[in-house]
Structures are given as structure tokens and as C-alpha cells.
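# Remarks on the overall topology
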Amino acid sequence: MRDKVIFLVIGAVLSVLFWIFRVELYEAVYNVNGFSDQMYNTGAYGSVAAITIAMAWGLAAIYYYVINSVKFDRWYHWLAMLGIASVLTPVVCYIVIDNFLEGFDYSTSEFTFAFYNILFTAVTFVIASFSIRWWSSNCRHTPIPQ
Amino acid sequence: MNMIRRVYNMLSIAVVMLAMATVVASCGGGGLEKAVKKAFIDGDTTQASYEKICALIKENPKSYAEFVTESGDINVEALGKYINEVGSSLRPPMKWNITGYGLKELTLTVYFERSGSMTPYDTPGGGGQLKKAVNDLINFFPSKDGVKINIVNDNIYPYSGTVDSFLQDRNIYESTKGTGNASYTDFKLIFEKIIQAQKPGNVSVLVTDLIYSPQNTADVSIEKILNEENSVATSIFKTYKGKSIIVNQMMGDYNGQYYPYNGQPFAYNGKRPFYLIIVADASTIDRMSADDKYAKFLHPSAVKNSYRFNQAQSELNVKVVPDWKDNVGRFRVARDEQNKLIDCEGDRETGILCFTIAANLKPLNKDDAFLSNVANYTVQSQSGFGITIRAISPDDITNNNRTYLDGMTHLITAKGKFNTSHDELSITLANQFPNWIKESSSTSDTDSSVAGFATTTFGLERFLQGIYDAFSAGNDTYGKIVIKLEN
């Protein structure tokens, strides 16, 4: 039980660290003159990181506690959920960024940034999965058996 | 039991997620910060935006108590500091000078010279350029209520009419006939009285032909007179280091007797220069220069030449425009240091690096011809960068670059072969005694048929050189821009 709680705490800390160092992490992956300045100035990085964390944790929670079925406890079911998170989150982020940068013309950069955000979504989904899977009654062995 | 345990576990997870969400949400900015950021990001650092920010504070004075004075007014100093703190957290760091918004209106005192050599500038048959220039000065001064008019020659005399009667007077020299002694002008007395009478927030303008014409000059050599004039100018202004003087040269029709320094008066019909000399605290002129309300007052359309004495080196607001059509090669604007470019790399084929800086040169209070003349700048760098400079036009502003061009007046494009690991591009605008003063000066005015009589003023250079010498220490540069480059 104690080990499982440690996983949860580590996952939460990693996610908070991701949010704190969001600018550095995002710009290490995608940094473009002009667009990156406006992402920073408008606070879009904060919202995008928050959405990424919330959706990754939320979709992981849906998989382990709402779906939570023996019919969907195989690794590829979990992978499909990761795929859904990795597509859905960047789409939502693209819409949010476009709203933040209203009046600017950075559509190509917005799309590219949203594409790169797939990476952060996938990693956060994995972290969330390994943080909360232990208390799922039917899917706690997914994707890797305990 | 299992059910209770499951609910407990899910609640634990929910608490952890809620804690994460709280950490995330607690880092957001308040309404005031958002409003200030919006003004910066939208490139809308205008008085209208400032008024909106003030309205936001006044709507909720308890939340923003530090920006409200005891009397309920906006604490401009505290708000200005906060605005620039927010601006400095942005990319690139931005500044917004709001000090002028909350200050009292300035007052204007016009000193209208009425010596014998001035009356021919405003005869019924002439073009009336001198009177038009003074009228414009009064009309373009934002606060007409604070305008006073004096007549000067041997001393200073209050104008007996109102501002409106002055503006409408078609023959001002006729209606002020008999005021003072028009046979000579005592510049030492006049300038000292102007400066001593000047209260904070006052702008004084002397309308004059700037011909030094003291009493009793018979049999005195020209050189002696010019040296005396030079010394008088220095002695007046060296004790008022906090003042600044702008000399605006204009041309007007002159129809009447001309009184040369040493010779018989003669009739002259033609053009002659005259001058609007603006005297104010240096800080007041800085304030006017930064405020569009005073643009037409400081830069009348008919000004031929202009120079400001005692202009301290300005801290220029510059931003590198990261995405610009002329950019060649690659660079990135450093996040940790302003005006620094990192990862610089010349074009792969030519090795040329070209980037553009937006600069606000308005505080320098110079006309565009001067500011856009690349010959007025000294450029230094190891890589031999050269620059071009031009004013920003509305067509240059796009959605993506307005954050960088907001509040800026000129674009400076630097181009060169970047062939070192580090370089420092230094662009300096030197403050030199202007050539136009030398070209507008004569040492003899006894013959109107001499070439240049219509465009020169007797002894102008020596008098203005005297003012320049009084203020020149440490004022040899208007502004300096330094851009650091790293590969």
C-alpha cells in the first residue's frame, strides 16, 4: 500500500514540476522567434500545460475507474486510451492557443506546437497511469502486470 | 469493506488532483496584471489604455489600495512602477512611460521681441509668417488658459491685451507701439529675467531675430562685439544647468528698415530668418518630447532648422524584431539579457547576418530627416556591421510584429558578415554643434546685396556657441544602442 502511495506522490510531483518548468520544457522542444514570445507573454504556456496535465490524468482516471472493465484490461486497450489522449489533448490545446493568440497570425506555429505537445501528453498520461492504476479493481495490471 | 476502501482510494486520488490543480491555479495573474499585459501585447500603450487601467483600479479601490492615494486619486508613481514591472517580465521586456498622464498641464509664457529690427517682419504687405508662427505656438499649446504674453526689448513688459486679441491682431507692432525702448535688445537681461521668472511646469518662448544689439556699440570692433556676445551667452546659461533651450529657425518676409551692427540703416524687402527660442526645465522638455500633445508645439511645420541645447543622453527603448522581412541568417533573442542575440549564424552561402531593431527615438526630439540620416550615426563592431535607418510607417505594422513596434519610431537594420564568436554592435548618435548654425551666421550685415544676407543672422554662431559651451560638458551623445551577439 505504501509503495503505491509513493507512486501517486511521485506522479503528482512530476506533474507539478512539469507545470512549473513548462516554459523551459516546451521551448526546449519548440522555440520560434515571435511565436514563443507571444506564448510566454499571453500566458498560453500555463494554460496548455494545465490542460495537458488535467486531460492526461482525467483520461487515465476514466480508463482505470470508469471503464474499469475486464473487457478492456489488455495493454492495447490502455495504448488506445493513450492514443485518444494524445490526439484529443493537442486538439483542445490548439483551440486554446488560437484563442490566446487571437489577432496574431501564427497558425502554422500553433499547429506545430500542438503536434509537439503530443509528446508531453503521452508522457503525462504514462505518469498518471502509473500513479493511479493500483486502486483500479479490474485494470490495475494494465499496461504492465504488477 | 472493499467498497469503502475503494471510495477512500478514489477520494485520495481526487485530493491529490485537486492539490495539483490548486498549485496550478494559484500561479495565475490578477485582473490588473492582465489588463496591463494586454496593453503591452496588443501594442496599445496609449493614454486610452491607461485610462482603462485607472478605471479598473477605481472600480475596486480596496483590492488595488497601493495604487490609490488618500484623496482617492491614482498614485501615478506607484502604478507606473507596477506597469513597468509587468512590462519587464514580458518578452522582450517593455516599458511604458505614464508619468505625463497624471501631471498638471504646463503653462506657456510668450516673450515677443519688439525691437526696431523686428517690426518689419509683420508689416501689412508681408506674408505674416512671424505672427503666424507665434499664433501657431499658442494654438498648438494644449492649455490655452495657461498662456501669458509679454513684449520685450530693453526690458520685459506685459502685453496689455488678451490672448485672443493677440491672436486676432493684424498689426501687432502697431498696437504695441511705445512699449519699452525699441532701439536695443538686452539679451542678458531678458534671458535672465525669463529664467528667473520661470516656475516649475512653465515653458517660455522668446520670439526674436537673435541679433545681438546692445547699447553704445559705436567704434567697437566686430570681433569685440562677437566675443562679448559669446561670453554673455555662456555667462547666462552656465548657472542654469537644469534648463534646456530649443532654437527653432524660421523664415519670414521682411519689409522695412534694417539696422546693421555698424553702418547706416537701409531698406530691405525680402526673406529673413527669425527664431523661436523655447526655454524650460530639461525635464519639462523631455516630458513634452515624449507626449504627442506637444508634437506640433515643439515641431512647428514652418521650422527650417532646429537644435536643442543641454540635451542629456537618453536611454533609448529598443527591441529586436525577431521576425522581419529583411532578416538574413539565423539568430535568437536571448531571454536572460536584453539586447542580446544568441545562436547567431550568417547566411550559409554569403555569411551575412542581418537583423532589425525597432527604436523609439522620439525622446531625442529631432526631426526625421536628422534621425533617418545614417551619416549622423557612428557604428562600431568587430565584424564591420553597417546600418540603415528609416521611420516606421503604418504599413510596417502587422498583427505579429505590433508588440515589437508599439511605441517605436524607427527601424534600424544592421547587416554584416558575422565572423567571430562574440561581437558587440554599438550605434551612437552624436550630439554636435550643428552645421546649420554656422551656415546661418554672418559677421557682417552692412550690405543686403551680399549673397546669404537673406538666410543669415549677424553673430548667430558666436551667441549659440556660447550657449553650447555653457551646457556641453558630458552631453556629446544623444543616445547609444548596444547589441551583443554570440554564435
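Residues numbered from 1 in each chain as written. Chains lettered and ligands numbered in written order. Predicted model: local features only at pLDDT ≥ 70, side-chain atom pairs only at ≥ 80, totals over all residues.

### Notes on the sheet that holds strand S18 (residues 477-486) of chain B
Residues and elements named next belong to chain B.
- Pairing is mixed across the open sheet formed by five strands, whose spatial order is S9-S10-S18-S15-S12. Each edge of the open sheet carries a strand with a single partner, namely strand S9 (330-333) and strand S12 (377-380). In this sheet, neighbouring strand axes are inclined to one another by 25° on average, regardless of whether the strands run parallel or antiparallel.
- Pairing of S9 with strand S10 (residues 340-345), which is carried by three bridges, proceeds in the antiparallel orientation. Counterpart to Arg-332 in the pairing with S10 is Ile-342. (Pairing = 2+ DSSP bridges. Helix = DSSP H or I, 4+ residues; strand = E, 2+ residues; numbered from the N terminus. Axes fitted to C-alpha atoms, helices over the stretch in contact; angles between N-to-C directions.)

### Re the domain arrangement of chain B
Residue and element names in this part refer to chain B.
- Domain assignment breaks chain B into domain 1 (28-97), domain 2 (107-313 + 433-475) and domain 3 (317-430).
- If you average the C-alpha positions of domain 1 and of domain 3, the two centres end up 29 Å apart.
- Facing seven residues of domain 1, the contacting portion of domain 3 comprises eleven residues.
- Here the side of domain 1 that touches domain 3 is composed, by residue class, of three nonpolar, two polar and two charged. (Domains from an automatic or database assignment. Contact = placed C-beta atoms within 7 Å. Nonpolar A, V, L, I, M, F, W, Y, C, P; charged D, E, K, R; others polar.)

### A closer look at helix H2 (residues 31-41) of chain B
- Val-36, Lys-37, Ala-39, Phe-40 and Ile-41 of chain B are the residues of H2 of chain B that are buried.
- Of the surrounding elements, those touching the buried residues of H2 of chain B are helix H3 (35-42) of chain A together with helix H3 (47-59), helix H4 (76-88) and helix H13 (402-405) of chain B.
- Gly-43 of chain B sits one or two positions beyond H2 of chain B and adopts a positive phi of about 65°. (Buried ≥ 20, exposed ≤ 12 C-beta atoms within 10 Å, placed from the backbone.)

### A few points about the environment of Glu-113 of chain B
Residue and element names in this part refer to chain B.
- Looking at the element boundaries, Glu-113 is found in strand S1 (residues 107-113).
- Sequence-wise, Glu-113 and Asn-153 are 40 residues apart; in three dimensions their C-alpha atoms are separated by 5.8 Å.
- Setting aside residues no more than four positions away along its own chain, Glu-113 makes contact with Met-118, Val-152, Asn-153, Thr-185, Leu-206, Val-207 and Thr-208.

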